[in-house]
Amino acid sequence: MLAFALHALIRSSHRLSLSTLHSTRQSVSFGTLTRNDMHNVVFVLGPPGSGKGTICAKIQENLNYVHLSAGDLLRAERQREGSEFGALIESHIKNGSIVPVEITCSLLENAMKACGDAKGFLVDGFPRNEDNLQGWNKQMDGKALVQFVLFLSCPVSICIERCLNRGQGRTDDNEESLKKRVETYNQQTFPIIEHFEKSGLVREVKSERPVDVVYADVEKVFDAANKK
Ligand SMILES: Nc1ncnc2c1ncn2[C@@H]1O[C@H](COP(=O)(O)OP(=O)(O)O)[C@@H](O)[C@H]1O
Ligand SMILES: Nc1ccn([C@H]2C[C@H](O)[C@@H](COP(=O)(O)OP(=O)(O)O)O2)c(=O)n1
Ligand SMILES: [Mg+2]
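Residues numbered from 1 in each chain as written. Chains lettered and ligands numbered in written order. Predicted model: local features only at pLDDT ≥ 70, side-chain atom pairs only at ≥ 80, totals over all residues. Heavy atoms only, no water.

Condition: UniProt positions are given in the numbering used here, feature names are shortened, and annotations may be inferred rather than shown by experiment.
Looking at an unreviewed UniProt entry, the protein chain carries the name UMP-CMP kinase, with the source organism given as Caenorhabditis elegans. In its Subunit (unreviewed entry) section, the UniProt record describing the protein chain reads: "Monomer." Under the Sequence similarities (unreviewed entry) heading, UniProt states for the protein chain: "Belongs to the adenylate kinase family. UMP-CMP kinase subfamily."

Take a look at the structure:
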C-alpha cells in the first residue's frame, strides 16, 4: 500500500528540475565586508537520494572545498551526550520534516568556524525551507557569501530506490519516511531553489547519470564559477 502511495506521489511530483538556466551569476553578499572576511559558501540542494553527499565528497577531495552536511551535523548532535535537542532532531528526521533553523544554522556556523579559513564550504542539504533561508540570512548576515547553488536534479523514483538501497542504517531511509521527505522537498525545498534561480545563482546538474559523468559536469560548474 505504501509503495503504491509513494509511486502515486512520484507521478504527481513533476516539479523536480528547472528548465536549462541561462543566467549571469550575481554574487549575493551579506553586509559590506569583503569576500576575504566572509565564508565562501556553495549551497548543495536536491531531492533525498539525488547524490548530494556523494558529489560533495568528490568536490572536497578534488577542489579543496570543505563538505558540511546539515543532515550529518544534525545526526551527530542527536547522538551527542547531553544534547538537549536529540529527541527533537530524531522526531523531525523520522517524520521527514525540517528541524528549526536555530539548531541547524548554529551547527553549520560552528563547523565553519572550526575549519578556519577554508577556500569554501559546501553546505549540503541547506537551506531546505523558508525558515532555514530566513534564519541563515539573519544569523549569517555579513559572515557568508553564497557563491552559487548547486542543484542536483533527479527523478524521484531513482532517488527513492537509491535511498532504500543506501545501506547506511538510517532511520529515515524507509518508505514511510521517504514519502514525507519527498513531500517536504516538493512543497518546501523546491521553492527555495526557485528563489535562488530568480537571482541567477542556481547551477543545475542532472544527477540520474553515473557518478563520474555527474561529477565531470559539476567540476565544470566550479571551474566556471572560480574563473569569474
Ligand atoms: N550518480 C549516481 N548513480 C548511482 N548511485 C548514486 C549516484 N549518486 C549517489 N548514488 C548512491 O545513491 C545513494 C544516495 O546518495 P547520497 O549521496 O547519499 O544522496 P543525498 O545526499 O542526496 O541523499 C548512495 O547509496 C549513493 O552511493
Ligand atoms: N537543513 C536541514 C537538513 C536536514 N534536516 C533533517 C531532515 C532531513 O530529512 C534529514 C536528513 O537530511 P540529509 O540531508 O542527511 O538527507 P539526504 O542526504 O537528502 O538523504 O535531516 C533538517 O531538518 N534540516
Ligand atoms: Mg545526503
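Picking up after the structure, the text goes on.
### Focus: the side chain of Ser69
For clarity, the cut-off: Counting from the N terminus, the helices are the DSSP runs of H or I reaching at least four residues and the strands are the DSSP runs of E reaching at least two. Burial classification: accessible surface area is computed with a 1.4 Å probe over protein chains only, and a residue below 20% of its type maximum counts as buried, one above 50% as exposed, and the rest as partly exposed. Identification of polar contacts relies on pairs of N or O atoms within 3.5 Å, with a donor-acceptor requirement for protein atoms, meaning one able to donate a hydrogen and the other able to accept it, and with residues adjacent in sequence counted only if both atoms are side-chain atoms. Contact between two residues is taken to exist if any of their heavy atoms lie within 4.5 Å; hydrogens are not considered.
Inspection of the secondary structure assignment puts Ser69 in strand S3 (residues 66-69). Taking relative accessible area as the criterion, Ser69 reaches 10% and is therefore assigned buried. At 3.0 Å, the side chain of Ser69 forms a polar contact with the backbone nitrogen of Asp72. Look past the residues within four positions of Ser69 in its chain and what remains in contact with it is Arg75 and Asp124.

### Points about the site of ligand 1
Note the cut-off: We call a residue near a molecule or strand whenever a single non-hydrogen atom of that residue lies within 4 Å of it. Note that accessible areas follow from Shrake-Rupley with a 1.4 Å probe, and for residues the cover is restricted to the protein chains shown.
Around ligand 1 sit 14 residues, and of these Gly49, Lys52, Thr54, Arg166 and Arg209 come closest. Separating an oxygen atom of ligand 1 from a backbone N or O atom of Gly51 is a distance of 3.0 Å. With respect to ligand 1, the backbone of Lys52 contributes an N or O atom lying 2.8 Å from an oxygen atom. Across the complex, the protein chains shield 74% of the 560 Å² of accessible surface that ligand 1 would expose by itself. In terms of residues, the shell around ligand 1 owes the most to one element, helix H2 (residues 52-63), which gives 3 residues.

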